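This is what each chain is made of:
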Amino acid sequence: MKPPILAIIMSTVISGTIMVLISSQWLTIWIGFEMNMLAIIPILMKKFNPRAMEASTKYFLTQATASMLLMLGIIINLLLTGQWTVLNMPNPITSNMMTVALAMKLGLSPFHFWVPEVTQGVPMSSGMILLTWQKIAPLSILYQIAPSMNPNLLTTMAIMSVLVGGWGGLNQTQLRKILAYSSIAHMGWMIAVTTYNPTLMLLNLTIYIAMTLGTFMLFMLNSSTTTLSLSHTWNKLPLIASLILMIMLSLGGLPPLSGFVPKWMIIHELTKNDMTIVATFMAMTALLNLYFYMRLTYATALTMFPSTNTMKMKWQFGSTKNTTLLPPLIVISTMLLPLTPMMLTLF
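The name given to the protein in an unreviewed UniProt entry is NADH-ubiquinone oxidoreductase chain 2, and the organism recorded there is Martes melampus tsuensis. You can read under Subunit (unreviewed entry) in the UniProt record for the protein the words "Core subunit of respiratory chain NADH dehydrogenase (Complex I) which is composed of 45 different subunits. Interacts with TMEM242." Within the UniProt record for the protein, the comment given under Function (unreviewed entry) is "Core subunit of the mitochondrial membrane respiratory chain NADH dehydrogenase (Complex I) which catalyzes electron transfer from NADH through the respiratory chain, using ubiquinone as an electron acceptor. Essential for the catalytic activity and assembly of complex I."

In structure tokens form, the structure reads like this:
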């Protein structure tokens, strides 16, 4: 794709999301979602092949269905209240319908089937945008309508998402599918705490985006798409292998890394609200995620290739890709735990 065209399309994606974030009327929010959806499809089909075409079609059909449901909820709300404002949702039917529509957009279970397929079918850079930027707009709406949502519906979807995200990724060897299932599980954690402390969901989203961006950038730097290609990293780029190990453990939520902070706070918030069983269950299912991250770290940093690379001239292994954003993302993804008291004060 030519740079000017890519710039125009990316600016449309960004402006669609910003429109959703700053709107206080349902109509402009819906228009923002549509702009974002229609502009992201050429980015998903950047490398034009049948798999990307299929993935983009799946994405379009799912998102169009979600938009239709959202519009139906908006119209019912308009008929009942006579106004377009976001914060006025007295009817449980409309709030449930909008919650389901936004769950489809986010890829929460049981509407998660498109996420691994679409992420696997598109290039790495497009998958990175899909699993990070595309989550911001629906979560911002969930943040706004949190008081009028059904907590039982949200908790059910959260538990199912954490389970699916854990079980689904166990048998995978494709890195994009593993990150897609990881995304489903993280969305489950965010949704679980939405009704009790929506600001905590935003903290979780911020740390999740930093970790996922860092992971994708490390994989793109190494041109890895499978566990096998990842296992060659230590031979070419030993430092990158150790960074992948740290970020993977952070994604799994191990202390003393940044990924532990949101899980710790969410479990704390749930137990405060007498949701001890849910918190315990989610903490146990997080071990499934940790298992497949550990598999990746084992393949990357703890296995040795049969023959060592004794070549003196390793210049051809050097990457020419831009890594400007990588150092700050790795710092955010691994070293935020000491700032927890400040975050507790803010959130």
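1. A few points about the overall build of the protein
The helix and strand tally for the protein stands at 17 helices and zero strands. Each principal axis of the C-alpha atoms in the protein carries an extent, and together these give about 75 × 50 × 35 Å. When burial is assessed residue by residue, the protein has 52% of its 347 residues classed as buried. In the protein, once contacts between residues fewer than 6 apart in sequence are set aside, the share between residues at least 24 apart is 77%. Entry remark: accessible area of the protein is about 15,200 Å², with carbon and sulfur atoms responsible for 72%. Once the 16 positive and 5 negative side-chain charges of the protein are each reduced to a mean point, those two points are 19 Å apart.

2. A look at the pattern of salt bridges
Overall, the coordinates contain four salt bridges when judged by the stated rule. A salt bridge links Glu 54 to Lys 58; the shortest N-O distance between them is 3.0 Å. Placement of both Glu 54 and Lys 58 in helix H3 (residues 50-81) is noted, with a separation of four residues, approximately one turn of the helix. Its relative accessible area of 45% is what places Glu 54 among the partly exposed residues. Glu 117 is the salt-bridge partner of Lys 58, the closest N and O atoms lying 3.7 Å from each other. Within this pair, whereas Lys 58 is found in helix H3, its partner Glu 117 is found in helix H5 (residues 114-121), the two being separated by 59 residues in sequence.

3. A few points about the UniProt feature "domain: NADH:quinone oxidoreductase/Mrp antiporter transmembrane" (unreviewed entry) in the protein
Sites flagged by UniProt as "domain: NADH:quinone oxidoreductase/Mrp antiporter transmembrane" (unreviewed entry) map to residues 23-287. End-to-end, the C-alpha atoms of residues 23-287 are 39 Å apart, and along that stretch the chain is 78% helix and 0% strand.

4. What to know about a nonpolar patch on the surface
There is a patch of nonpolar side chains on the surface, built from Ile 14, Ile 18, Leu 21 and Ile 22 and spanning about 360 Å² of accessible area. Tracing the backbone shows Ile 22 in helix H1 (residues 3-22). Residue classification places Ile 22 among the exposed residues on the basis of a relative accessible area of 69%.

5. Structural notes on helix H7 (residues 133-145)
An α-helix turns once per 3.6 residues; consequently, residues spaced three or four apart project the same way. For H7, the buried fraction is high: 10 of the 13 residues fall into the buried class. Residues of H7 that are buried: Gln 134, Lys 135, Ile 136, Ala 137, Pro 138, Leu 139, Ser 140, Ile 141, Leu 142 and Ile 145.

6. Focus on the packing of H1 against helix H2 (residues 26-44)
Contact pair H1 / H2: the axes reach a minimum separation of 7 Å and the direction vectors enclose 155°. The angle between H1 and H2 places the two elements in the roughly antiparallel class. H2 is crossed by H1, and the crossing has left-handed handedness. In this structure, H1 uses Leu 6, Ile 9, Met 10, Thr 12, Val 13, Ser 15, Gly 16, Thr 17, Met 19 and Val 20 to contact H2, whose residues at the interface are Thr 28, Ile 29, Ile 31, Gly 32, Phe 33, Met 35, Asn 36, Ala 39, Ile 40, Pro 42 and Ile 43. When grouped by side-chain class, the residues that make up the contact of H1 with H2 number 14 nonpolar, seven polar and no charged.

7. Let's talk about the environment of Gly 73
Here Gly 73 lies in helix H3. Put simply, Gly 73 and Thr 94 are 21 residues apart on the chain and 4.8 Å apart in space, counted from C-alpha to C-alpha. Leave out the neighbours within four places in its chain, and Gly 73 touches Thr 94, Met 97 and Met 98.

8. Some details on the packing of aromatic side chains
The geometry of two aromatic rings is summed up by the distance between their centres and the angle between their planes. Under the criterion given, the structure shown has three aromatic pairs. Aromatic pair Phe 260 and Trp 264: ring centres 5.6 Å apart, planes at 15°, arrangement stacked. One end of the pair, Phe 260, and the other, Trp 264, are both in helix H14 (residues 260-272), four residues apart, so they sit about a helical turn from each other. For Trp 264, a relative accessible area of 39% corresponds to the partly exposed category.

9. Quick look at the nonpolar core
If you look at the biggest cluster of nonpolar residues, it comprises 95 residues, and the most contacted ones within it are Trp 26, Tyr 59 and Leu 139. Dropping the residues within four chain positions of it, Leu 139 is found in contact with Leu 106, Met 187, Met 190, Ile 191, Met 201 and Leu 205.

10. Re the packing of H5 against helix H9 (residues 175-194)
Relative to each other, H5 and H9 sit at 145°, their axes nearing to 8 Å. Crossing hand, H5 versus H9: right-handed. From H5, Val 115, Pro 116, Glu 117, Thr 119 and Gln 120 reach across to H9, where they touch Arg 176, Lys 177, Ala 180, Tyr 181 and Ile 184.

11. A closer look at the side chain of Thr 285
Following the sequence through the fold, Thr 285 ends up in helix H15 (residues 276-301). Here Met 282 takes part through its backbone oxygen, which lies 2.9 Å from a polar atom of the side chain of Thr 285. Beyond its immediate chain neighbours, meaning those up to four positions away, Thr 285 contacts Val 162 and Leu 163.

12. Thoughts on the side chain of Glu 269
By the secondary structure assignment, Glu 269 is in helix H14. With a relative accessible area of 10%, Glu 269 lands in the buried category. A distance of 3.4 Å separates the side chain of Glu 269 from the side chain of Asn 197, its partner in a polar contact. In contact with Glu 269, other than residues within four places in its own chain, are Val 193, Tyr 196, Asn 197 and Leu 200.

Conventions we followed
Residues numbered from 1 in each chain as written. Predicted model: local features only at pLDDT ≥ 70, side-chain atom pairs only at ≥ 80, totals over all residues. Heavy atoms only, no water. UniProt positions renumbered as here; feature names shortened; annotations may be inferred. Helix = DSSP H or I, 4+ residues; strand = E, 2+ residues; numbered from the N terminus. Buried < 20%, exposed > 50% of the residue type's maximum accessible area, 1.4 Å probe, protein only. Contact = heavy atoms within 4.5 Å. Areas by Shrake-Rupley, 256 points an atom, 1.4 Å probe, with all protein chains shown as cover. Lys, Arg positive; Asp, Glu negative; His and termini not counted. Charge placed at Lys NZ, Arg CZ, Asp CG, Glu CD. Salt bridge = Lys/Arg side-chain N within 4 Å of Asp/Glu carboxyl O. Patch = residues over 30% accessible without salt bridge, like charges linked within 9 Å, V, L, I, M, F, W, Y side chains within 5 Å. Axes fitted to C-alpha atoms, helices over the stretch in contact; angles between N-to-C directions. Parallel < 35°, antiparallel > 145°, perpendicular 65-115°, else oblique. Left-handed = near helix turned anticlockwise from the far one by under 90°. Nonpolar A, V, L, I, M, F, W, Y, C, P; charged D, E, K, R; others polar. Phe/Tyr/Trp six-rings, centres within 6.5 Å; stacked < 30°, edge-to-face > 60°. Core = buried A, V, L, I, M, F, W, Y, C linked by side-chain atoms within 4.5 Å. Polar contact = N/O pair within 3.5 Å; in protein donor to acceptor, adjacent residues only side chain to side chain.

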